[in-house]
Structures are given as C-alpha cells and as structure tokens.
Amino acid sequence: LYLKKKILNSDNRIKATWDVISSVNGKPKKEMIPIELNTGSRYTSSELEVANLFESFFDKVPHKITFHLKSSTSNAARLLNNSVSKCVIDFSFETVSAIDVIK
C-alpha cells in the first residue's frame, strides 16, 4: 500500500515505479552530491583528495587540542590510577584456530 501510494502521488510515475523496483530488488538509487572543498589556496572536487584532506585534518585534531595541556605519560598514568579501580580478576586466554572462530 505504501509503495502504491508513493507511485500514485509522484509527479513522475514511471520514474517512481523504477525507483520502487530498484529499492525492492536491493538496488536503491544512489545520488552522488558533488563535493567541492576549499583547501584555503584552491578548490578540489577529487573524491580521493577530499577524503585524504579530511583524514589529515582529523588525524591532527587530538594533538592540536591537547598540545597546551602539558600532558605527559606520568600525568596520564596518575589520572588512570586515581580514576579507575585496579582489576583484581585473574584471567587468561586460550589459543584458538580459524576453525574454532568459524564455529
């Protein structure tokens, strides 16, 4: 009933019919929105370059936001020791094979 209404209420019933058929067959319409990124010195629309620029930007975020915090390994260890209870449960791991994992 929903799909029928979707087709009947559409401005373009043929297109709506094909969209419904594609979605039912597991092939939904993929709309690509063109991306253009301003790098400061130029614009790029290369999907790979945009992805690499985002990765580079977000890779640097932790360093940028913690640079002035005077963080150190000893400060981190002290924070961890003061904030988290020590685990007193003794446990061990057994070696497993790929076949064990598949089971």
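Preceding this paragraph is the structure being described.
These notes cover the structure that comes with them. (Residues numbered from 1 in each chain as written. Predicted model: local features only at pLDDT ≥ 70, side-chain atom pairs only at ≥ 80, totals over all residues. Heavy atoms only, no water.)

1. Comments concerning the overall build of the chain
- The number of helices and strands found in the chain is 5 helices and 2 strands.
- Reading the chain from its N end, one meets helices and strands in the order α-α-β-β-α-α-α.
- Relative to the compact-globule value of 13 Å for 103 residues, the chain shows a C-alpha radius of gyration of 27 Å, a clear excess of over 25%.
- Dimensions of the chain, computed from C-alpha atoms along their principal axes, come out at roughly 65 × 55 × 30 Å.
- The burial tally for the chain puts 5% of its 103 residues in the buried class.
- Of the charged side chains in the chain, 15 are positive and 11 negative, and the gap between their average positions amounts to 7 Å. (Helix = DSSP H or I, 4+ residues; strand = E, 2+ residues; numbered from the N terminus. Rg over C-alpha atoms; globule rule 2.2 N^0.38 Å. Buried < 20%, exposed > 50% of the residue type's maximum accessible area, 1.4 Å probe, protein only. Lys, Arg positive; Asp, Glu negative; His and termini not counted. Charge placed at Lys NZ, Arg CZ, Asp CG, Glu CD.)

2. Structural notes on helix α3 (residues 47–66)
- The first and last C-alpha atoms of α3 sit 30 Å apart over 20 residues, in line with the 28 Å expected at 1.5 Å per residue.
- Bending of α3 peaks at approximately 35° at the position of lysine 60, with proline proline 62 no more than four residues after it. (Expected span 1.5 Å × (residues − 1). Bend = angle between axes of the 7 residues up to and from the residue.)

3. Details of the pattern of salt bridges
- Considering all chains together, one arrives at 2 salt bridges under this definition.
- One salt bridge connects aspartate 19 with lysine 15, and the closest N-O pair in it is separated by 3.2 Å. Of this pair, aspartate 19 and lysine 15 are both found in helix α2 (residues 13–24), 4 residues apart, which corresponds to roughly one turn of the helix.
- Exposure remark for aspartate 19: the relative accessible area of 28% places this residue in the partly exposed category. (Salt bridge = Lys/Arg side-chain N within 4 Å of Asp/Glu carboxyl O.)

4. Digging into α2
- The terminal C-alpha atoms of α2 lie 16 Å apart, and with 12 residues this matches the ideal 16 Å at 1.5 Å per residue to within 8%.
- Directly after α2, the chain includes glycine 26, whose backbone phi takes a positive value near 85°.

5. Brief notes about a nonpolar patch on the surface
- On the surface, Val88, Ile89, Phe91 and Phe93 cluster together into a nonpolar patch covering about 570 Å² of accessible area.
- Within the fold, phenylalanine 93 resides in the loop between α4 (73–83) and α5 (98–102). (Patch = residues over 30% accessible without salt bridge, like charges linked within 9 Å, V, L, I, M, F, W, Y side chains within 5 Å. Areas by Shrake-Rupley, 256 points an atom, 1.4 Å probe, with all protein chains shown as cover.)

6. Here's the deal with the side chain of threonine 44
- Here threonine 44 lies in strand β2 (residues 43–44).
- Overall, threonine 44 belongs to the buried group, its relative accessible area being 6%.
- At 2.9 Å, the side chain of threonine 44 forms a polar contact with the side chain of glutamate 49.
- Contacts of threonine 44, omitting those with residues within four sequence positions, involve Ile35, Glu36, Leu37, Thr39, Glu49, Val50 and Leu53. (Polar contact = N/O pair within 3.5 Å; in protein donor to acceptor, adjacent residues only side chain to side chain. Contact = heavy atoms within 4.5 Å.)

These figures capture arrangement, not role.
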